[in-house]
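Examination of the molecular architecture
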Amino acid sequence: MASQESQGQTNPIFKDYLPGSSDLPEQNKPVEPRSLWKQTSHTHNLPPGLEYLNQLDRIIIHQQVELLEAILGTETSSKYEIKNHLGQRVYFAVEENDCFDRNLCSPLRSFTIRITDTTGREVITVNRPLRCNSCWFPCFLQELEVQSPPGTIAGYVVQNWDPFLPKFTIQNESKEDVLKIIGPYATCGCFEDVDFEVKALNEMSTIGKISKYWSGFVNNVFTNTANFGIQVPVDLDVRIKAVMIGACFLIDLMFFENTLDGL
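A brief report on the enclosed structure follows. (Residues numbered from 1 in each chain as written. Predicted model: local features only at pLDDT ≥ 70, side-chain atom pairs only at ≥ 80, totals over all residues. Heavy atoms only, no water.)

Right, let's talk about the pairing of strand 4 (residues 111-117) for a bit. Burial runs high along strand 4: six of the seven residues are buried. Across six bridges, the pairing between strand 3 (residues 89-96) and strand 4 is antiparallel. The residue bridging Tyr-91 from the neighbouring strand is Asp-117, located in strand 4. In this sheet, strand 5 (residues 122-128) lies alongside strand 4 in antiparallel orientation, the contact comprising six bridges. Bridge assignment links Thr-112 to a residue of strand 5, and that residue is Asn-127. The antiparallel pairing of strand 4 with strand 5 creates a hairpin that spans four residues between the two strands, and Gly-120 there sits at a positive phi of about 90 degrees. (Buried < 20%, exposed > 50% of the residue type's maximum accessible area, 1.4 Å probe, protein only. Helix = DSSP H or I, 4+ residues; strand = E, 2+ residues; numbered from the N terminus. Pairing = 2+ DSSP bridges.)

Right under this line is the structure:
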């Protein structure tokens, strides 16, 4: 009788086990709740244009090379293709700001990135104000807002102060902490990929990563072109997936915008 009761009960240790984690949770280790990041909405309740993200666990972001920028070294508005793991374009992103911001403030510049689907409909808007990214100014660090659909907050990316490691917090529309992003001590990535790990709030379980792909000596030295990959659980809330795309843009500008970065 006791064995039948035990079979009908769910072990609470495994109730909130995070996908993508290589280790099983231990009894003496607090388990991270999934409710803030797991997809709970039905497909018909998703923000318009994000339905396709619902089935993706890998997203590729490819920055398009601007001929004028490559030849003259002049900073132009960035354009990105957002693709699935098969290389098929899903979205297209264009940065909006003025020439003064791009060339004087460069990696610190404010911007609005508008992301459209294959029909040209804007589905995600990413807003970044002009802020500091130095550990000497912990009260004015980077914060990025993601809207989907435009005008409706999907979440935020907030830089956390740390003297050694790049750290960010992913927040939902209510500014509740959802996930952490932790980068390596050195982001130069000489002849190899650079990984920013996506972790649970306890920073113990790794559930994904944002990777800056090594794209060759010529591309990295003579252009600012960047290729990124995002790997997340397929059941991650689709709004948080949109915020992760915004986090990728922020990481690109903060750590890989200068021509010699990424070597």
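Our focus in this paragraph is the nonpolar core. By size, the foremost hydrophobic cluster in this structure holds 51 residues, and its most contacted members are Ile-61, Ile-115, Ile-181, Ile-210, Met-244 and Phe-249. Broken down by element, the residue count for this core peaks at 14 residues, all from helix 5 (residues 238-255). In contact with Ile-210, not counting residues within four places along its chain, are Ile-181, Val-194, Asp-195, Phe-196, Val-198, Phe-228, Gly-229, Ile-230, Met-244, Ala-247, Cys-248 and Ile-251. (Core = buried A, V, L, I, M, F, W, Y, C linked by side-chain atoms within 4.5 Å. Contact = heavy atoms within 4.5 Å.)

To continue, consider unusual backbone geometry. The linkage connecting Ser-148 with the following residue, Pro-149, adopts the cis geometry, with an omega of -5 degrees. Residue placement: Pro-149 occurs in the loop between strand 6 (143-147) and strand 7 (153-160). Located in the positive-phi region is Lys-175, a residue other than glycine, with phi close to 65 degrees. Residue placement: Lys-175 occurs in the loop between strand 8 (167-172) and strand 9 (177-182). With a phi close to 60 degrees, Glu-203 is a non-glycine residue in the positive phi region. Taking the relative accessible area as the measure of exposure, Glu-203 reaches 30% and is therefore partly exposed.

Turning our attention to the pattern of salt bridges. A side chain with one charge may pair with a side chain of the opposite charge, provided their charged atoms come close. This model, assessed by the stated rule, comprises 11 salt bridges. Here Arg-239 and Asp-237 are joined by a salt bridge, their closest N and O atoms 3.7 Å apart. Summarising the burial analysis for this pair, Arg-239 and Asp-237 share the class buried. The structure contains a network of salt bridges with shared partners spanning Glu-81, Lys-83 and Arg-89. (Salt bridge = Lys/Arg side-chain N within 4 Å of Asp/Glu carboxyl O.)

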